[in-house]
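A look at the structure
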Amino acid sequence: MSMDRREFLGSALGVAAATGTAHAGSRTDAKSYSERLQTPVVGHYQVIVAGGGPSGVIAAAAAARSGASTLLIERYPFLGGNGTAGLMTCYNGFRNQRPPEALQTVKGIPAEYIAELVRLGGIAEYDPYPKAKHDVASGDLPYCIGFDPEAAKIASFNLLKKEGVTLRLHSWVAAPMLDGARVTGVIAESKSGRQAIAADIVIDATGDGDVAARAGAPFMGPADKGDRMNMSLMYVLGGMTPSMQDTGGIRLGDRVVKWGPGSGGDCLDVENLTRAEVDTRLELWDQVQTVRQQPGKGSVYLAQVATGIGVRETRRIEGEYTVTEQDAIQGTRFADVVAISSNPMPSYHGQRFFFEHEGFDIPYRSLVPKKVEGLVLTGRCISCAQGPFQSARSMAPAMAVGHASGCAAALAAKDNVPPRQLDVQALQKLLLAQNAELRRKA
Ligand SMILES: Cc1cc2nc3c(=O)[nH]c(=O)nc-3n(C[C@H](O)[C@H](O)[C@H](O)COP(=O)(O)OP(=O)(O)OC[C@H]3O[C@@H](n4cnc5c(N)ncnc54)[C@H](O)[C@@H]3O)c2cc1C
């Protein structure tokens, strides 16, 4: 059953009608509140991408390149997600960090994005695996690429502009629009008020799986204890002269991006997030003052702190298939492979676990949430056990998954088929035509 997309789906959202009387002389009264609840539908796209992190940016570019009218909605006034807002300025996982690393597992549109970063002069001095030589400028990418976060914001804009993606920044995706179990668009909150935007297919690129969870998809995680990955506040030290002994970090001229204080708790709880921001920012300030007091370090200063504390682990949405720890360790091959993750599992039972193969397959089914229609997952919320999540959440594989989710959403929208029933061979063919690496011939 299809619903008129021009209608407000208030009942599906559980939004109650506003009642009340305006007080004399007041300007923001019940009437305007009521009007705000009559959410207008301000647009319709074949594909909406909710979230503009590394995965969402590539997903939007892929959907548009595959012929779908595409809108990307992002809460911040810039793109790049944890790579820019979180200042996590090294893209890990273009290939295995150790032998066997001959296969570059992330290519296609993510590699084009890196080429744009190279063109902008946005590559930083950082190489955690210096033995291997790669020619980044020609698309031969090492395990890890350090980058300038400001260049990454520009490279993301340039990529999406080139592909004709429509952008809506400064906008929170507050809820999915629903027709029963089918996502039919999103509700966004911004300075323009509460607006609905319809879509044939929505891609959840929020990292936290906000859209999927609010649409009723079941989810796992985060891990209760053990390998659970904490939050960290990244920062930039300025005034770092070349002669200065550096204790690690990603160098950008006289600035060095560094890993700052960590924090735990529920990263979806706003009170915990508030506490974590305050605690880590105060701690960081004190740490930097201590550094400044060291001999020869008087020129050092706190040049920049991440827009928000970096969140590593929240929901993993349950999909039609959940990639298991054994799949990742053994390198299980799936007939419906749409991306490959070769990144190590960085805190597997407390240690960095390197794969003895060139990368494990991510099957299309792990991008399709259970119970909800019209929605495709991407980035760190795809359906994985906690071990493979640690690997695939890294930004290079997250971009490869974005490439797959964007192509899948475009095909589903154009062929008018639910993502669950998509012709996976057609998807693989499209990905190979866009130079993705699937260990298959085009
Ligand atoms: C401290 C830390 C260190 C890390 N180290 C590395 C590393 O060295 N290398 C590496 O490759 N990876 C690293 N990671 C992991 C990596 O950064 C993330 O897993 C990755 O960015 C996930 O990509 P994503 O696109 O799925 O999500 P994100 O990067 O989180 O992007 C999600 C985007 O959606 C937006 N968004 C979220 N909710 C909404 C909403 N409701 N409405 C509108 N917009 C929304 C966000 O603002 C953001 O732009 C690290 C992570 C952390 C936190």
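Residues numbered from 1 in each chain as written. Predicted model: local features only at pLDDT ≥ 70, side-chain atom pairs only at ≥ 80, totals over all residues.

1. Topic: the overall build of the protein chain
Applicable threshold: A run of H or I in DSSP becomes a helix once it reaches four residues, and a run of E becomes a strand once it reaches two; helices and strands are each numbered from the N terminus. Our exposure labels follow a C-beta count within 10 Å of each residue's own C-beta, placed from the backbone: buried means 20 or more other C-beta atoms, exposed means 12 or fewer, and partly exposed covers the counts in between.
Scanning the protein chain from N- to C-terminus turns up 11 helices and 19 strands. Here the protein chain, with 442 residues, has 50% of them falling under the buried criterion.

2. With respect to the environment of isoleucine 154
Among the structural elements, isoleucine 154 can be located in helix H5 (residues 149–163). Taking the C-alpha atoms as reference, isoleucine 154 lies 8.7 Å from phenylalanine 78; in sequence the two are 76 residues apart.

3. A few points about the domain arrangement of the protein chain
Condition: Segment limits for the domains were obtained from an automatic or database-derived domain assignment. Our contact criterion uses C-beta atoms placed from the backbone: two residues qualify when those atoms are within 7 Å. The residue classification treats Ala, Val, Leu, Ile, Met, Phe, Trp, Tyr, Cys and Pro as nonpolar and Asp, Glu, Lys and Arg as charged. All others, Gly included, are polar.
In terms of domains, the protein chain is made up of domain 1 (1–16 + 40–224 + 312–442) and domain 2 (231–305). The interface is formed by 13 residues belonging to domain 1 together with 11 residues belonging to domain 2. Taken together, the residues that form the side of domain 1 that touches domain 2 break down as 5 nonpolar, 4 polar and 4 charged.

4. Looking at unusual backbone geometry
In this chain, proline 99 is followed by proline 100 through a cis amide linkage whose omega measures 0°. On the secondary structure map, proline 100 appears in the loop between strand E3 (90–92) and helix H4 (108–119). One non-glycine residue, leucine 87, lies in positive phi territory at about 55°. Mapping leucine 87 onto the fold places it in the loop between strand E2 (70–73) and E3. A positive phi is found at histidine 349, a non-glycine position, where the angle reads about 50°. One can find histidine 349 in the loop between strand E16 (345–348) and strand E17 (351–353).

5. Brief notes about H5
One turn of an α-helix holds 3.6 residues; hence residues three or four places apart share an orientation. Note the threshold: Every helix has an expected span of 1.5 Å times one less than the residues it contains.
Helix length check: H5, at 15 residues, gives a terminal C-alpha distance of 21 Å against a target of 21 Å (1.5 Å per residue), a fit within 8%. In this structure, the buried residues of H5 make contact with helix H3 (54–65), E2, H4 and strand E5 (166–168). Just downstream of H5 lies glycine 164, where phi reads positive at about 80°.

6. Looking at the packing of H3 against helix H10 (residues 395–415)
Stated precisely, the cut-off is as follows: Under this scheme, a helix contributes an axis fitted over its contacting stretch, all axes are lines through C-alpha atoms, and angles between N-to-C directions fall in the 0 to 180 degree range. Put simply, a crossing is left-handed when the front helix is turned counterclockwise from the back one by less than a right angle, and right-handed when it is turned clockwise.
Orientation of H3 relative to H10, taken along the N-to-C sense of each, is 35°, at an axis distance of 7 Å. Crossing of H3 over H10 shows right-handed handedness. Residues Pro54, Ser55, Gly56, Ile58, Ala59, Ala60, Ala61, Ala62 and Ala63 of H3 touch H10, and the partners they reach there are Met395, Ala398, Met399, Val401, Gly402, His403, Ser405, Gly406, Cys407, Ala409 and Ala410. Its residues assigned to classes, the contact of H3 with H10 shows 14 nonpolar, 6 polar and no charged.

7. Here we look at the environment of tyrosine 301
When you line up the elements, tyrosine 301 lands in strand E13 (residues 301–305). Not counting residues within four places of it along the chain, the set of residues in contact with tyrosine 301 comprises Gly238 and Gly239.

8. Some points on the sheet that holds E13
Spelled out, the test is: Strands are labelled as partners when DSSP assigns at least two bridges between them.
Spatially, the 4 strands line up as an open sheet ordered E11-E12-E10-E13, and their pairing is antiparallel. This sheet does not close on itself; its edge strands, each paired only once, are strand E11 (250–252) and E13. Averaged over all pairs of adjacent strands, the angle between strand axes in this sheet comes to 40°, irrespective of strand direction. Where strand E10 (residues 231–238) and strand E12 (residues 255–263) come together, 6 bridges link them in antiparallel fashion. What sits directly across from valine 236, in E12, is valine 257. The strands that helix H7 (residues 270–292) touches are E10, E12 and E13; relative to E12, the one it contacts most, it runs at about 130°.

9. Description of the packing of H3 against H4
Keep this limit in mind: Here roughly perpendicular refers to angles of 65 to 115 degrees, roughly parallel to angles under 35, roughly antiparallel to angles over 145, and oblique to all remaining angles.
Two numbers describe how H3 lies on H4: the axes approach to 10 Å, and their chain directions differ by 110°. Relative to H4, H3 is oriented roughly perpendicular. The two elements H3 and H4 meet at a crossing, and its hand is right-handed. Side by side, H3 and H4 meet where Ile58, Ala61 and Ala62 of the first sit next to Ile109, Pro110 and Tyr113 of the second.

10. Some points on the pairing of E12
Taken together, the 3 bridges between E11 and E12 define a ladder with antiparallel strand orientation. Paired with arginine 251 across the bridge in E12 is valine 256. Between the antiparallel neighbours E11 and E12 lie 2 residues, among them glycine 253 with a positive phi of about 60°.

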